[in-house]
Amino acid sequence: MIRPIAFTAALMCLTAPALAQGALPGQSAQFVRVQNAAPAIGPDVVLVRVAGPWEAGGQRGFSRLVGTATAGSVALSVEWVSDAGAVVQTMPLTSPQGSQTLPLARMRGETGPEDSALYLDTGDDTFVLIVGAPGQAKFGSASN
């Protein structure tokens with residue numbers, strides 16, 4: 001009598017995580033995770049970094065720097081994302097001379113009351129991206 005109870009208890013312990021995650025009997029928990037996964041990031045995205053918060057016209061959200069691989073080089077843009085998760089605006093950036101290794105740069109950020117600064121250190125040069133409300137971004141070499 002003890003063996004069937006111990007076996008049943010062990011079986012329940014093994015299946016409890018799958019049932020807790022919403023798996024139906026006969027489905028693995030791994031299948032449920034894949035089924036409910038967020039959309040994948042495109043294979044051309046090589047860099048994503050949050051710049052900082054923004055607020056304008058009664059809306060709020062955060063800005064981010066996005067780098068995509070295009071024809072052997074990296075194209076940079078700033079995206080302003082609302083608190084609801086919608087991209088409000090995208091602005092392509094012109095990369096300054098010497099910024100070819102930006103996806104490998106060390107990054108640090110500073111957030112202020114009006115805008116945010118994202119510093120990108122490539123080892124040879126330092127670049128700065130100043131981002132404010134949607135549509136306001138300035139990118140270039142940092143003067144040290």
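Refer to the structure printed above.
Residues numbered from 1 in each chain as written. Predicted model: local features only at pLDDT ≥ 70, side-chain atom pairs only at ≥ 80, totals over all residues. Heavy atoms only, no water.

Q: Explanation requested: the sheet that holds strand β4 (residues 87-93) in the structure shown.
A: Whenever strands of a sheet pair, they do so through backbone hydrogen bonds, lying parallel or antiparallel. Spatial ordering of the open sheet is given by β1-β2-β3-β4, a layout of four strands whose pairing is antiparallel. Across the chains shown, the open sheet's two edge strands, defined by having one partner strand only, are β1 (45-56) and β4. Each adjacent strand pair in this sheet contributes to an overall mean axis angle of 20 degrees, direction not counted. Two elements, strand β3 (residues 73-82) and β4, share six bridges in a ladder whose sense is antiparallel. Across the sheet, the residue bridging to Ser 77 is Pro 92, located in β4. (Pairing = 2+ DSSP bridges. Helix = DSSP H or I, 4+ residues; strand = E, 2+ residues; numbered from the N terminus. Axes fitted to C-alpha atoms, helices over the stretch in contact; angles between N-to-C directions.)

Q: Sorry, what's going on with the pattern of salt bridges here?
A: For side chains bearing opposite charge, pairing can occur when the charged atoms are close. The tally for this structure, following the rule as stated, stands at three salt bridges. For Glu 79, the salt bridge is made with Arg 64, and the minimal N-O distance between the two is 2.6 Å. Within this pair, whereas Glu 79 is found in strand β3, its partner Arg 64 is found in strand β2 (residues 59-70), the two being separated by 15 residues in sequence. Since its relative accessible area comes to 23%, Arg 64 is described here as partly exposed. The residue Arg 108 makes a salt bridge to Asp 121 at a minimum N-O spacing of 3.4 Å. Separated by 13 residues along the polypeptide, Arg 108 in strand β5 (residues 106-111) and Asp 121 in strand β6 (residues 116-121) bring together distant segments of the chain. (Salt bridge = Lys/Arg side-chain N within 4 Å of Asp/Glu carboxyl O. Buried < 20%, exposed > 50% of the residue type's maximum accessible area, 1.4 Å probe, protein only.)

Q: Help me understand the sheet that holds strand β7 (residues 126-131) in this model?
A: The four strands lie next to each other as β5-β6-β7-β8, forming an open sheet whose pairing is antiparallel. The outermost strands of the open sheet, each flanked by one partner alone, are β5 and β8 (137-141). The sheet shows a mean angle of 15 degrees between the axes of neighbouring strands, direction not considered.

Q: Explain the environment of Ala 84 to me, please; I cannot follow it from the model alone.
A: Examined against the element boundaries, Ala 84 turns out to sit in the loop between β3 and β4. Assessed through its relative accessible area of 76%, Ala 84 is described here as exposed.

Q: Would you mind going over the side chain of Asp 121 with me for this structure?
A: According to the relative accessible area criterion, Asp 121 is buried, its value standing at 11%. For Asp 121, the side chain forms a polar contact with the side chain of Thr 126, separated by 2.7 Å. The residues contacting Asp 121, other than those within four sequence positions of it, are Ala 105, Arg 106, Arg 108 and Thr 126. (Polar contact = N/O pair within 3.5 Å; in protein donor to acceptor, adjacent residues only side chain to side chain. Contact = heavy atoms within 4.5 Å.)

Q: For this particular structure, what's the right way to read the pairing of β7?
A: Of all six residues making up β7, five are buried, and the element is well covered by its neighbours. When β6 meets β7, the two strands line up antiparallel, connected through six bridges. The partner of Tyr 119 across the bridge, within β7, is Val 128. Hairpin connection from β7 to β8: five residues lie between these consecutive antiparallel strands, with Gly 135 at a positive phi of about 90 degrees.

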